[in-house]
Amino acid sequence: MPRYPACAASSVGPARTDGKGQSHRTPGDSLAPVAHNRVDVVEGNLDACLDELRPAERRLAPGEPLTSATRLTAGDAVALFTDQVRSRVLDVVARELKARGESYYTISSAGHENNAVIGALLRTTDPCFLHYRSGALMMARSRQAPRVDGVRDTLLSLTASADDPISQGRHKVWGSVELWVPPQTSTIASHLPKAVGAAFAHARMRRLGLPRRLPDDTVFCCSFGDASVNHATALSGINAARYAFRRGNPVPVLFVCEDNGVGISVDTPRSWVAATFRALPNLHYVRADGELDEVYDAVAGAIDRCRTARAPVFVHLPTVRLWGHAGSDVETTYRSLAEVCADEARDPIARNARRLVATGAATPGQLRDIVARTRAEVRAAAPAAAATPTLSTRAQVVAPLAPYTEDRCRADATATAPSDERARHFSGNLPEHAAAAPRRTLAAAINAALRDEMLRRPEMVLFGEDVGRKGGVYHVTAGLQQAFGAGRVFDTLLDETTILGVAQGAGLLGLLPVPEIQYLAYIHNALDQLRGEACSLSFFSSGQFTNPMVVRVAGLAYQKGFGGHFHNDNSIGALRDIPGLVLAVPSRGDDAARMLRGALALAKVDGRVVCFLDPIALYHEKDLHTAGDGGWLCDYPPPGSALLPGEVGVHGGEPGAAADLLVVTYGNGVRMSLQAARLLAEDHDVAVRVLDLRWLNPLPLEQVRAHAADCGRVLVADEARATGGGIADAVVADLVEHGFRGPVGSVRSAVSYVPLGPAGGTVLLSTGDIRDAAIHRVKA
């Protein structure tokens, strides 16, 4: 390896020492050109450092501590140094592979290698949600699992190999099932809420007496950078941990902020992290800085406190970023060469080498051997990793995205609790018995279905804003907390990001979470928790980690005398665009109960993330055509029947029956389409078949095609906005692309927010709109 000084010899001043054995160089007034490849500079500096060191007079035995004040032994210190060198060499080789066109990722861990201490001190049963600069942590953690080859696994990930044991080439991630590291791809600390959720859920499972895969004293670690800690999602996660602990919940989460002082090109103000988090109530702050043994002791103390107090702890780990943000980042475009050189002089591996030699934990020759051997081993392993196959077909890539085992899901969805247990729970008044209970509204049917499912699924928990004591804003969860206890039905703080984070952590650990988002408009505050986090976990872990959940959302429009936009949101496009997300929208109470059973089965059996969107305006609707007709009330379908994706609702004749027009719709559109169908039959002698899609992602397009062929004409009645926020575009496009030759069109809501009061009717799809469009379509 070529050797270079930190900066050109003619441009740097003499070395100085800070009193702790750390050598620094002071840039001179004029800087001569330096090597373009800063990787070679830093590697050369390390070699020069090792050559300059002289052994201590006394050599420590492997079991001896480095000093009388530390827990770190000489043997453990040398092992940590080896972990750090492995991580550094992998970063170097990643760039060499990239230069040859054999790898695809160059965001390195260089300068962050002291996080190896965390990897060594945590157990493999302490789940880790990791920052992307966690190479040394993973090397140290891998030492605890003999079957895990951290070097090979990293090389396979860098080369997008299909043999990568975690993502199988879908992305470069830090992840391992055996090491309990669920893969994260976030660069904005959006994994903090799920880490907090996992810590909370672990304690909740103990409270509920449910079996757990992790020990009682497990700690949950998540790491992130100093720039990311300013993101709203990070602050949400930290706040949630403090809030939950303040309310008496165990929250053993170890927040690790790796502070290198810069986010890509934007510097972090000096002392910003410490000033922001050092004195927050219900959060213990630990600064882990200094020599390797000092960092080790600080981290060990932080982990001990987190483990024993079951409380959130914030570890502030100062680091340095070497070689820019990534391989493509030309750091000198926004930082001076003096700043770059100053950071290179703070290389933690060189500093740790000096400490090990000065204390007698290792000799210079021993450390040189570690560096040389590691470079040789990693470079020898790289070609084999680069030669492995990558994913080559669409089917291979998407395989873990949306698993669906229909037979197993149906078996789970149609299972029932013992009849005597149901009878006791409902006090003999079973909801399906018409004599004991009248026909039900949509809200009442969902409530009964939730009761039935919670009765037979002890791992099912329900939570959100106002769902507990109040029973929900629309009383959909009324009585559930009284029936199943505050451990399973509980209120959360008013933060959708936290609600979905808790759901992810709970699902990851084995619960079946049913979080509620109070209104559809509110889910947009936290949409990345579904899009970027929950729905990507199975994809980036090749199905080895999942976070099943059924997210209940009250949404869509048409509330009378209440709301305006934030309580009448009709935008579902953002949800339909999430890969792997199942989107269910019932319209009637009997459908809702059976669809909810199917949704829970999808989550339980296949680990799916399901969004169950309830039409608010239909919660308490009783009538269909005229006041008092009771046409929208339903009998409760007893357990044993369920609906799964692809199973549609048909009103107005089965296939083969005469119909002049097929109206494809969902949600509120079903009721309006049935009203329009009656008007068309009475006033225009037009026979209409209404197809209730029920499932909006994935859409049941095969069924639409079959019914369209049968009817000959198609109208899509989409209550979402005409800009593509709904399903009309996809349905019409699919019909055309599959050769449908009959008249086809759509009618939709206006491109507008929903105003308050009667003005809402001017922009929303109406029964009259559907009737008029149907007449036009029949005449076409």
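We now turn to the structure provided with this report. (Residues numbered from 1 in each chain as written. Predicted model: local features only at pLDDT ≥ 70, side-chain atom pairs only at ≥ 80, totals over all residues. Heavy atoms only, no water.)

With that settled, the discussion passes to the pairing of strand β12 (residues 512–517). Taken across its six residues, β12 has six buried, putting it largely inside the fold. Going residue by residue along β12, you find Leu512, Val514 and Glu516 tucked away on one face and Pro513, Pro515 and Ile517 tucked away on the opposite face as well. Alignment of strand β10 (residues 460–464) against β12, held across five bridges, turns out to be parallel. Pairing of leucine 462 across the sheet is with valine 514, part of β12. Relative to strand β13 (residues 549–555), β12 runs parallel, the two being bridged by two bridges. The partner of isoleucine 517 across the bridge, within β13, is valine 553. (Buried < 20%, exposed > 50% of the residue type's maximum accessible area, 1.4 Å probe, protein only. Helix = DSSP H or I, 4+ residues; strand = E, 2+ residues; numbered from the N terminus. Pairing = 2+ DSSP bridges.)

Within soluble globular proteins, side chains that are nonpolar generally end up buried alongside one another. Counting residues in hydrophobic clusters, the biggest one holds 164 residues, and the most contacted among them are Phe255, Phe314, Leu530 and Leu575. The leading source of residues in this core is helix α23 (residues 589–606), at 10 residues. Dropping the residues within four chain positions of it, leucine 575 is found in contact with Leu520, Ile523, Leu527, Leu530, Leu581, Leu583, Cys611 and Asn697. (Core = buried A, V, L, I, M, F, W, Y, C linked by side-chain atoms within 4.5 Å. Contact = heavy atoms within 4.5 Å.)

What follows deals with the side chain of arginine 694. Tracing the backbone through its elements, the reader meets arginine 694 in the loop between β18 (688–692) and β19 (695–697). Residue classification places arginine 694 among the buried positions, given a relative accessible area of 7%. Among the polar contacts listed, one links the side chain of arginine 694 to the backbone oxygen of valine 648, at a separation of 2.8 Å. Ignoring sequence-local partners within four residues, the contact set of arginine 694 consists of Leu583, Ala584, Val585, Asp591, Arg594, Met595, Leu643, Glu647, Val648 and Gly649. (Polar contact = N/O pair within 3.5 Å; in protein donor to acceptor, adjacent residues only side chain to side chain.)

Attention now moves to the packing of aromatic side chains. Within the structure shown, the criterion is met by 11 aromatic pairs. Taking 4.6 Å as the distance between ring centres and 15° as the angle between the ring planes, the aromatic pair formed by phenylalanine 277 and phenylalanine 314 counts as stacked. Within this pair, whereas phenylalanine 277 is found in helix α8 (residues 272–277), its partner phenylalanine 314 is found in strand β9 (residues 313–318), the two being separated by 37 residues in sequence. Each of the two residues, phenylalanine 277 as well as phenylalanine 314, counts as buried. When the centroid spacing of 5.0 Å and the interplanar angle of 75° are considered together, the rings of phenylalanine 539 and phenylalanine 540 count as edge-to-face. (Phe/Tyr/Trp six-rings, centres within 6.5 Å; stacked < 30°, edge-to-face > 60°.)

This brings us to unusual backbone geometry. For the peptide bond that leads from asparagine 697 to proline 698, omega is -5°, which places it in the cis range. Structurally, proline 698 is set in the loop between β19 and α25 (701–711). Phi angles above zero are rare outside glycine, and serine 271 is one such case at about 70°. Within the secondary structure, serine 271 sits in the loop between β7 (266–267) and α8. For tyrosine 558, which is not glycine, the phi dihedral falls at a positive 80°. Counting through the fold element by element, tyrosine 558 comes out in the loop between β13 and α22 (573–576).

Roughly 960 Å³ of internal volume is contained in the largest pocket. For the largest pocket, the lining is made up of 31 residues, of which Asp259, Asn260, Gly261, Thr319 and Arg346 are closest to its centre. Of all the secondary structure elements, the ones that give two or more residues to the lining of the largest pocket are α8, β9, α10 (337–344) and α11 (348–359). (1 Å grid on protein atoms, 1.4 Å probe; cavity = no way out; pocket = protein on both sides within 12 Å on 5 of 7 lines; lining within 4 Å. Points joined across faces, edges and corners; volume = space filled by probe spheres on them.)

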